[in-house]
Amino acid sequence: MPTLLGAIARRCDDAWTQMEVLGCTHVKDKVRSGLLWLSGRIGVETHEGVRIDVSQTQLARMVGCARETLSREVSELSASAQSTLRQSNGRKSLFVIDPRV
């Protein structure tokens, strides 16, 4: 029973976080919040930064924007050296240098 309650609590927390991400008014804030959440949830620490194994299309759907808009925002983040997008073993991975920024 405690594991079931823990699983339900995690799902509620995830749902609440997603609502907060989608509630942001600016796409830049949605992308940053989404990256921060994914970094803590499914991110893997590497020497290059935190690796998040999602495609730009998947991330765009998560934050509720067009893929082209997300691509522009990721490019701006990459230019400010906060994240980089690169191919990893034939699939796209997003490397976030500092998820808190």
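Note on numbering: residues in each chain are counted from 1, in written sequence order. Reporting of local features is limited, given that this is a predicted model, to residues whose pLDDT is at least 70; pairs of side-chain atoms are given and counted only at 80 or more, and all residues count toward the totals for whole chains, interfaces and linings. The side-chain numbers reported here are obtained from all heavy atoms of the structure, hydrogens and water having been left aside.

Novice: What should I look at first to understand the nonpolar core in this one?
Specialist: Nonpolar side chains in soluble globular proteins tend to end up buried together. Ranked by internal contacts, the top residues of the largest apolar core, which has 14 residues, are Val 31, Leu 35, Ile 52, Leu 59, Val 63, Leu 70 and Leu 94. Those elements giving two or more residues to this core turn out to be α2 (27-41), α3 (56-63), α4 (67-79) and β4 (91-96). Here a residue-residue contact requires only that any non-hydrogen atoms of the pair lie within 4.5 Å. If we ignore the near neighbours within four places in the chain, the residues touching Val 31 are Val 63, Leu 70, Glu 73 and Leu 77. What makes a nonpolar core is a set of buried Ala, Val, Leu, Ile, Met, Phe, Trp, Tyr and Cys residues whose side-chain atoms join them at distances within 4.5 Å. With a 1.4 Å probe rolled over the protein chains alone, any residue whose accessible area is under 20% of its type maximum counts as buried; one over 50% counts as exposed, and the rest are partly exposed. Under the scheme used here, helices are H or I runs from DSSP no shorter than 4 residues and strands are E runs no shorter than 2 residues, and both carry numbers assigned from the N terminus.

Novice: What's the story with a nonpolar patch on the surface in this structure? I'm lost.
Specialist: Nonpolar side chains (Val, Leu, Ile, Met, Phe, Trp, Tyr) within 5 Å and like charges within 9 Å form the patches, drawn only from residues with over 30% relative accessible area and no salt bridge. For the area figures, the Shrake-Rupley method with a 1.4 Å probe applies, and any residue is considered shielded solely by the protein chains shown. By salt bridge we mean one thing: a side-chain nitrogen of Lys or Arg within 4 Å of a carboxyl oxygen of Asp or Glu. A cluster of nonpolar side chains, Leu 4, Leu 5 and Ile 8, forms an exposed patch at the surface whose accessible area comes to about 290 Å². Positionally, Ile 8 belongs in helix α1 (residues 2-23). Residue Ile 8 is classed as partly exposed on the basis of its relative accessible area of 43%.

Novice: How do you make sense of the pattern of salt bridges when you look at a structure like this?
Specialist: Considering all chains together, one arrives at two salt bridges under this definition. In this structure, the salt-bridge partner of Glu 76 is Lys 28, at a minimum N-O distance of 3.5 Å. Linking Glu 76 in helix α4 with Lys 28 in helix α2, this pair joins segments that are 48 residues apart in sequence. Overall, Lys 28 belongs to the partly exposed group, its relative accessible area being 36%. The partner of Arg 51 in a salt bridge is Asp 53, and the shortest N-O contact between them spans 3.1 Å.

Novice: For this particular structure, what's the right way to read the environment of Gly 43?
Specialist: With respect to the element layout, Gly 43 can be found in the loop between α2 and β1 (44-46). In this structure, the C-alpha to C-alpha distance between Gly 43 and Phe 95, residues 52 residues apart in sequence, is 9.0 Å. Beyond its immediate sequence surroundings of up to four residues, Gly 43 is in contact with Leu 38, Val 50, Arg 51 and Ile 52.

Novice: Would you explain the environment of Met 19 in this entry?
Specialist: Within the secondary structure layout, Met 19 lies in helix α1. The spatial distance from the C-alpha of Met 19 to the C-alpha of Val 63 is 9.7 Å, given a sequence separation of 44 residues.

Novice: Where do I start with α2 in this structure?
Specialist: Along an α-helix, residues three or four apart share an orientation, since each turn contains 3.6 residues. Compared with the 21 Å implied by 1.5 Å per residue over 15 residues, the 21 Å span of α2 between its first and last C-alpha is a close match. Of the residues making up α2, those classed as buried are Lys 30, Val 31, Gly 34, Leu 35, Leu 38 and Ser 39. What you see down the axis of α2 is that its buried residues fit within an arc of 160°, all on one side. The span you would expect from a helix comes to 1.5 Å times its residue count less one. Starting at the helix axis, one direction is taken to each C-beta atom, and the arc is that of these directions.

Spatial relationships are all this shows, so hold off on functional conclusions.
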